[in-house]
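What the coordinates show
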Amino acid sequence: ADKPQAHTPLSGKRALVTSGPTHEPIDPVRYIANRSSGKQGHAIAEALARLGAAVTLVSGPTRLPDPPGCAVVAIETAREMLAACEAALPVDIAVCAAAVADWRVAGTSDRKLKKDGGGPPSLSLTENPDILATLSQAGPRRPALVIGFAAETGDVVAYATAKRARKGCDWIVANDVSLGTTTFGGADNTVHVIRADGAEAWPTMGKDAVGARLAEAIAAHFQTPTP
Ligand code: CTP
Ligand code: CA
């Protein structure tokens, strides 16, 4: 019997996916982090690879196995994530699904902070680089298709539409985190996909299914570019 033809519409395309949280050090033993599991980003990387793309997955610390078929670059901080993303260029597709820490500790200590009787230390924070905005505004090195994520509550589509314009990316996948369906750490996701021509509501589905459907939408875009 003939084997079914492999469905690889993205063969020949290079993709970069960010996933997971970042860890921002305070001192050699402590850090600031967030609850991102990396499930959605890893699912997208795996789905793009399954469609034939050459995928680099740049990920912060997660408990997940490396998705099959992807080159995985493990990083901890936002600045390391940016450097790894820049090293992965040029790519055709960039999907920024990581929960990048907005701030890092300014003037981290080389030594463990001690209870020295002087009361708790105060941490001062400084802003991290914005990886999605940097990739979106990378001039001649800009990927042809740049996709960001946005976790929002309230008027999710309006906030995500504004975020799309602010970042300069092509599409935004907006999570409605006000719904009972958990996003951080959960298996399911409820998203709207915002493009230049408007927003599309997707039904609640597993993060693997969101990854598969997004990868198919990306493949369709390169077949017939949509706005
Ligand atoms: N992002 C990024 N680098 C950052 C912050 C965010 O690449 N330093 C990306 C995320 O991966 C996501 C998108 O930007 O794709 C939106 O992240 P979000 O936290 O929703 O946006 P912010 O601009 O940080 O705005 P907010 O104040 O709502 O957190
Ligand atoms: Ca943020």
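From a predicted model like this one, the values you see are computed outputs, not experimental measurements. (Residues numbered from 1 in each chain as written. Chains lettered and ligands numbered in written order. Predicted model: local features only at pLDDT ≥ 70, side-chain atom pairs only at ≥ 80, totals over all residues. Heavy atoms only, no water.)

Alternating residues of strand S6 (residues 93-96) divide into Ile 93 and Val 95 and Ala 94 and Cys 96, and every residue in both groups is buried. As paired elements, strand S1 (residues 14-19) and S6 share four bridges and run parallel to each other. Residue pairing across strands places Leu 16 opposite Ala 94, the latter belonging to S6. Direction of pairing for S6 relative to strand S9 (residues 145-152): parallel, over a ladder of four bridges. Residue pairing across strands places Ile 93 opposite Leu 145, the latter belonging to S9. (Buried < 20%, exposed > 50% of the residue type's maximum accessible area, 1.4 Å probe, protein only. Helix = DSSP H or I, 4+ residues; strand = E, 2+ residues; numbered from the N terminus. Pairing = 2+ DSSP bridges.)

This paragraph deals with the site of ligand 1. The environment of ligand 1 is made up of 13 residues, and the closest members are Cys 96, Ala 98, Phe 149, Lys 163 and Lys 167. A distance of 2.8 Å separates a nitrogen atom of ligand 1 from a polar backbone atom of Pro 129. Contacts to ligand 1 include Leu 132, whose backbone N or O atom sits 2.8 Å from an oxygen atom. When the free accessible area of ligand 1 is taken as 570 Å², the share hidden by the protein chains comes to 74%. Among the elements of the structure, helix H3 (131-136), S9 and helix H4 (156-167) are those that each provide at least two residues to the shell around ligand 1. For the shell around ligand 1, the element with the most residues is S9, which contributes three residues. For the shell around ligand 1, a count of residues per class yields eight nonpolar, one polar and four charged. (Near = heavy atom within 4 Å. Polar contact = N/O pair within 3.5 Å; in protein donor to acceptor, adjacent residues only side chain to side chain. Areas by Shrake-Rupley, 256 points an atom, 1.4 Å probe, with all protein chains shown as cover. Nonpolar A, V, L, I, M, F, W, Y, C, P; charged D, E, K, R; others polar.)

So, on to unusual backbone geometry. Backbone torsion omega between Leu 89 and Pro 90 reads 0 degrees, so that peptide bond is classified as cis. Within the secondary structure layout, Pro 90 lies in the loop between helix H2 (78-88) and S6.

Here the focus is the UniProt feature "binding site: CTP" (unreviewed entry) in the protein. As recorded in UniProt, the sites labelled "binding site: CTP" (unreviewed entry) are Asp 102, Lys 112, Pro 129, Asp 130, Ile 131, Leu 132, Phe 149, Lys 163 and Lys 167. On the basis of their most widely separated C-alpha atoms, the annotated residues across 66 residues do not gather in one place, lying as much as 38.0 Å apart. Along the chain, Pro 129 turns up in the loop between strand S8 (125-127) and H3. Take Pro 129: its relative accessible area is 23%, and that puts it in the partly exposed class. What Pro 129 contacts, discounting residues up to four positions off in sequence, is Ala 78, Arg 79, Leu 82 and Arg 104. Tracing the backbone through its elements, the reader meets Lys 163 in helix H4. A relative accessible area of 19% means that Lys 163 is categorised as buried. If near-sequence neighbours (up to four positions away) are discounted, Lys 163 is found in contact with Ala 150, Glu 152 and Ile 172. (UniProt positions renumbered as here; feature names shortened; annotations may be inferred. Contact = heavy atoms within 4.5 Å.)

The next subject is the coordination of the calcium ion (ligand 2). Every protein donor of the calcium ion (ligand 2) is accounted for by Asp 102 (OD) and Asp 102 (OD), and the metal-donor separations fall at 2.5 Å. If you trace the backbone, Asp 102 turns up in the loop between S6 and strand S7 (103-105). (Donors = N, O, S within 2.8 Å, 3.2 Å for Na, K, Ca; no water.)

Turning our attention to the sheet that holds strand S13 (residues 198-201). If you trace the eight strands from one edge of the open sheet to the other, you get S5-S4-S1-S6-S9-S10-S12-S13, paired in mixed fashion. A strand with exactly one partner marks an edge of an open sheet, and here the two such strands are strand S5 (70-74) and S13. Between one strand axis and the next, the sheet turns through 20 degrees on average, direction left out of account. Where H2 meets the sheet, it contacts S1, strand S4 (54-59) and S5, and its direction lies at approximately 175 degrees from that of S1. (Axes fitted to C-alpha atoms, helices over the stretch in contact; angles between N-to-C directions.)

Taken as a whole, this structure holds zero aromatic pairs when the rule is applied. The ring of Trp 171 carries Arg 195 above its face, with NZ or CZ at 4.2 Å from the centroid. When the ring centre of Trp 202 is taken as reference, the NZ or CZ atom of Arg 213 above it lies at 4.4 Å. (Phe/Tyr/Trp six-rings, centres within 6.5 Å; stacked < 30°, edge-to-face > 60°. Lys NZ or Arg CZ within 6 Å of the ring centre and 35° of its normal.)

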